[in-house]
Amino acid sequence: MNYFKYIKDILLVEVEALIVDGKFPVGLDLSRIGVEPTKDPAHGDLASNAAMVLAKPAKTNPRELGQLLADRLTQCVDIAGADVAGPGFINLRLVPEFWTNQIPAVLKAGTAYGDCDLGSNEAVNVEYVSANPTGPMHIGHARGAVIGDALASLLNKAGYNVTREYYINDAGAQVDVLARSTHLRYREALGEDIGAIPDGLYPGDYLKQAGQELAQRDGDKWRDAAEEEWLAALRVFAIDAMMALIRDDLAALGVKHDVFTSERTLVGTGANDEVVEELQSRDLVYMGVLDPPKGKLPEDWEERPQLLFRSANFGDDVDRPLKKAEGDWTYFASDIGYHRDKYRRGFASMIDVWGADHKGYVKRMQSAVNAITEDKGSLDVRLCNLVNLLEDGKPAKMSKRAGSFVTLRDVVDEVGKAAVRFMMLTRSSDASLDFDLKKVTEQSKDNPVFYVQYAHARICSVIRNTADAFPDLLLDDSSLSSADVAQLQDPGELAMIKELASWPQIVESAALAHEPHRVAFYLSDLAASFHAFWNRGNADESLRFIVPGDSTTTVARVALARAVAVVIASGLAVMGVEPVEEMR
RNA sequence: GCGCCCGUAGCUCAGCUGGAUAGAGCAGCGGACUUCUAAUCCGCAGGUCGCAGGUUCGAGUCCUGCCGGGCGCGCCA
């Protein structure tokens, strides 16, 4: 349960009651009323701006209006006190039982705690990775993969019906280059000395295996054939080989997709023709000549009539080409066809995760989506900034086997998928990220992966020790959920519970903002609070979880600790990271 | 030149879509270990939220204009 929403509903009921009583005028705009956590505990547990927002339309002052509301709210069972403070905030304190009751709620829900129905099962398509099938994934791709995957999990948790999709860019000139590069490796596999890889072809060693497999499958069938004879066949072969490579990389990272859509297949079935025809019928397509970019005239500029889409009608800066001067489809045209395909498959809500270098395409793509869905669909694009791969503060050395970049596989082998996934979410997606191979495996608080995992492991340790100290106690979640939590009245204990109980609110706000990194921040904060909570027991033994000879108190405190572990596990699940139970 | 993003503590960044006295980590200084895991914690210090206006009960957050940085800018993907 999102307790902010719960309390807000109570507050709205009271506002309505005051309207019925004639204390407030009819027709007030209640939409701006909010209930939020307080920053300063002295202000209570929750605060509402209701009085300040309503004062003007109600033609009274906030404090007077607030007092009317506060008087009524004080009567509610969950509310221990309500008072008006500052410019007109209504500060609320909830009864301790409200908080302590959150513990069994967490324990009963398990990692499903925080699930909500924000999305009302609305279908959402999240497209991510979509790396070109020309080689293995590198560390930059991993960021998009993790962000997309975590966002999908987050939306799923928030009640959306999520489809995870990968768009295979297998139709452009780059896959012809791939086919030629593969042909070279194929000849090499047949014993030919190919010398240095010519400029313009992919030099990576990863194509050697594809060349060998092709030689094994087809023998010397293509060796001396002309390019036009083998190009199509090798393209298919090489794309399949590269996609197999990429799927392996994704599996190593634990990233899954429900749907893989091939650009080539889509174009082949006429998706581009269809969408252009449709746009044509709405007079949104024309043959025209674009102006040169202002202030930066390319040297080889010449006027070229092209098939253009009126994207400027839908929010873009200028119209954009659908076909190259030679008549081939542009990438943009295929993307319009693809997004229309998604829309027709039932996704009015689309999210694309792209590299930040594609930023210039966001507006035109959104314009296109506006056009093809007639404003009934929406596209949000999450841009992922660069990952700076470091090794103890210095730029990491390049991978030998992959050419000029560090492969994702190398990094996962080095530090593990949990570390990669967690680290990728420690910054907002549009900020660049330092990824230090040394630091992510350090066992110190500098390493957020460790820090959060350590909190979870400590809790597991406490439960193990409790079982030793009280062999007769049942310590499974179901048993713990009937612990006598009402005795947890210490301010530190209540503060710990309040932080736990804000998890559903984090899920909702992060899902609405499409920002999965907020989960990582929340978990770091939660872990910090738990470590501090734990250390109280070092200064004062009576505050430890395990109280010798007092099983009632022990069980209540262990129930609280276990609830922290459950919420950590719930958050880690969104991030795709397994919690650890022990880390000695 | 145009568009988008960014500018918050010495450094790296949060800031829950407008709330009360702007937070955290690192770095610095000073403390807490015969431990339920000190792999942790506590304290101190550190700020003109780039600048100037505006919107309103209230602005780091929204609007406008500057300054500074990054990225992109017909057919590539």
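Just so it is clear, the model here is predicted, and its values are computed rather than measured.

S.K.: Would you mind showing me how to read the sheet that holds strand β13 (residues 387-391) here?
M.R.: Through backbone hydrogen bonds, the strands of a sheet pair up, either in parallel or in antiparallel fashion. One open sheet holds the three strands; their spatial order is β14-β13-β15, and the pairing between them is mixed. Strands at the two margins of the open sheet, each flanked by one partner only, are β14 (394-395) and β15 (433-436). In terms of strand pairing, β13 meets β15 through four bridges, oriented parallel. Within β15, the position partnered with N388 by the bridge is D434.

S.K.: Explanation requested: the domain arrangement of chain A in the structure shown.
M.R.: Where interface size is given, it is often the accessible area lost as the parts come together that is meant. Annotation of chain A at the domain level lists domain 1 (3-94), domain 2 (131-166 + 257-384), domain 3 (167-256 + 389-441) and domain 4 (444-575). Domain 2 and domain 3 are separated by 24 Å when their C-alpha centres are compared. Tallying the contact residues gives 32 residues for domain 2 and 39 residues for domain 3. Each partner contributes to the roughly 3500 Å² buried at the junction of domain 2 and domain 3, and carbon and sulfur atoms together form 64% of this total.

S.K.: Before we go on, may I ask you to explain the protein's contact with RNA strand B in this structure?
M.R.: Near RNA strand B, the surroundings consist of 74 residues, among which R304, Y361, Q443, Y454 and R544 are the closest. Each atom of RNA strand B within 4 Å of the protein was assigned to sugar, phosphate or base; sugar and phosphate come to 55%. Contact between RNA strand B and S509: a sugar or linking oxygen at 3.2 Å from a side-chain N or O atom of the residue. Contributing elements (two or more residues each) for the surface near RNA strand B: β1 (35-37), α2 (50-55), β4 (89-94), α7 (173-189), α16 (448-469), α19 (503-513) and α20 (517-539). When grouped by side-chain class, the residues that make up the surface near RNA strand B number 27 nonpolar, 24 polar and 23 charged.

S.K.: What am I meant to see in the packing of aromatic side chains here?
M.R.: Note on aromatic pairs: each is described by the distance of the centres and the angle between the planes. With the rule as written, the count across this model stands at 15 aromatic pairs. Taking the centre distance of 3.8 Å and the plane angle of 10 degrees together, the rings of Y167 and Y338 count as stacked. With Y167 in strand β6 (residues 161-168) and Y338 in helix α12 (residues 331-344), this residue pair connects regions lying 171 residues apart in the sequence. Considered together, Y167 and Y338 belong to a single accessibility category, that of buried residues. Through a chain of ring-to-ring contacts, the aromatic side chains of Y3, F4, Y6, F98 and W99 assemble into a single cluster. Lying across the ring of F260, R247 places its NZ or CZ 3.9 Å from the centre.

S.K.: Help me understand the environment of K417 in this model?
M.R.: With respect to the element layout, K417 can be found in helix α15 (residues 417-424). Classification of K417 as partly exposed rests on a relative accessible area of 38%. K417 sits 66 residues away from I351 along the chain, and the two C-alpha atoms are 24 Å apart.

S.K.: Sorry, what's going on with the packing of helix α18 (residues 491-501) against helix α21 (residues 551-575) here?
M.R.: For any two helices packed against each other, the geometry comes down to the angle between their axes and how far apart the axes lie. Packing of α18 against α21 brings their axes to within 10 Å, and their N-to-C directions diverge by 25 degrees. Put simply, α18 runs roughly parallel to α21. Here α18 runs over α21; the crossing is left-handed. Contact residues: α18 offers E493, M496, I497 and L500, while α21 offers R557, L560, A563, V564 and V567. Counted by class, the contact of α18 with α21 contains seven nonpolar, no polar and two charged residues.

S.K.: I would appreciate a short explanation of the sheet that holds strand β8 (residues 285-288) in the present structure.
M.R.: The three strands are arranged β8-β9-β10 in an open sheet whose pairing can be described as antiparallel. Where the open sheet ends on each side, the last strands, each with one partner, are β8 and β10 (320-321). The pairing of β8 with strand β9 (residues 306-309) spans four bridges and is antiparallel. For G288, the partnering residue across the bridge sits in β9 and is Q306.

S.K.: Before we go on, may I ask you to explain the packing of α15 against α16 in this structure?
M.R.: The interhelical angle for the contact between α15 and α16, taken along N-to-C directions, is 110 degrees, at an axis separation of 9 Å. One element, α15, and the other, α16, form an angle in the roughly perpendicular class. In contact with A418, A419, F422 and M423 of α15, α16 contributes P448, V449 and V452. Here the contact of α15 with α16 is built from residues that sort into seven nonpolar, no polar and no charged.

S.K.: What is the right way to read the pairing of strand β11 (residues 349-355) from this model?
M.R.: Successive residues of a regular strand alternate their side chains across the two faces of the sheet. Judged by how many residues are buried, β11 sits mostly within the fold: six of seven residues are covered. Where strand β5 (residues 123-127) and β11 come together, four bridges link them in parallel fashion. Residue pairing across strands places E127 opposite D352, the latter belonging to β11. Bridge count between β11 and strand β12 (residues 378-384): seven bridges; the pairing is parallel.

S.K.: How should the pattern of salt bridges be read in this particular structure?
M.R.: It is possible for side chains bearing opposite charge to pair when their charged atoms get close. Taken as a whole and judged by the stated rule, the model has 32 salt bridges. Between D21 and R72 there is a salt bridge, with its nearest N and O atoms 3.3 Å apart. Placement of the pair is D21 in the loop between α1 (3-20) and β1 and R72 in helix α3 (residues 62-73), with a sequence separation of 51 residues. Residue E188 pairs with R185 through a salt bridge whose shortest N-O separation is 3.0 Å. Taken together, the residues span about one helical turn, with E188 and R185 both in helix α7 at a distance of three residues. One salt-bridge network, held together by shared partners, links E274, E278, R340 and R344.

Parameters at a glance
- Residues numbered from 1 in each chain as written.
- Chains lettered and ligands numbered in written order.
- Predicted model: local features only at pLDDT ≥ 70, side-chain atom pairs only at ≥ 80, totals over all residues.
- Heavy atoms only, no water.
- Pairing = 2+ DSSP bridges.
- Helix = DSSP H or I, 4+ residues; strand = E, 2+ residues; numbered from the N terminus.
- Domains from an automatic or database assignment.
- Contact = heavy atoms within 4.5 Å.
- Buried area = accessible area lost by both parts, 1.4 Å probe.
- Near = heavy atom within 4 Å.
- Polar contact = N/O pair within 3.5 Å; in protein donor to acceptor, adjacent residues only side chain to side chain.
- Nonpolar A, V, L, I, M, F, W, Y, C, P; charged D, E, K, R; others polar.
- Phe/Tyr/Trp six-rings, centres within 6.5 Å; stacked < 30°, edge-to-face > 60°.
- Buried < 20%, exposed > 50% of the residue type's maximum accessible area, 1.4 Å probe, protein only.
- Lys NZ or Arg CZ within 6 Å of the ring centre and 35° of its normal.
- Axes fitted to C-alpha atoms, helices over the stretch in contact; angles between N-to-C directions.
- Parallel < 35°, antiparallel > 145°, perpendicular 65-115°, else oblique.
- Left-handed = near helix turned anticlockwise from the far one by under 90°.
- Salt bridge = Lys/Arg side-chain N within 4 Å of Asp/Glu carboxyl O.

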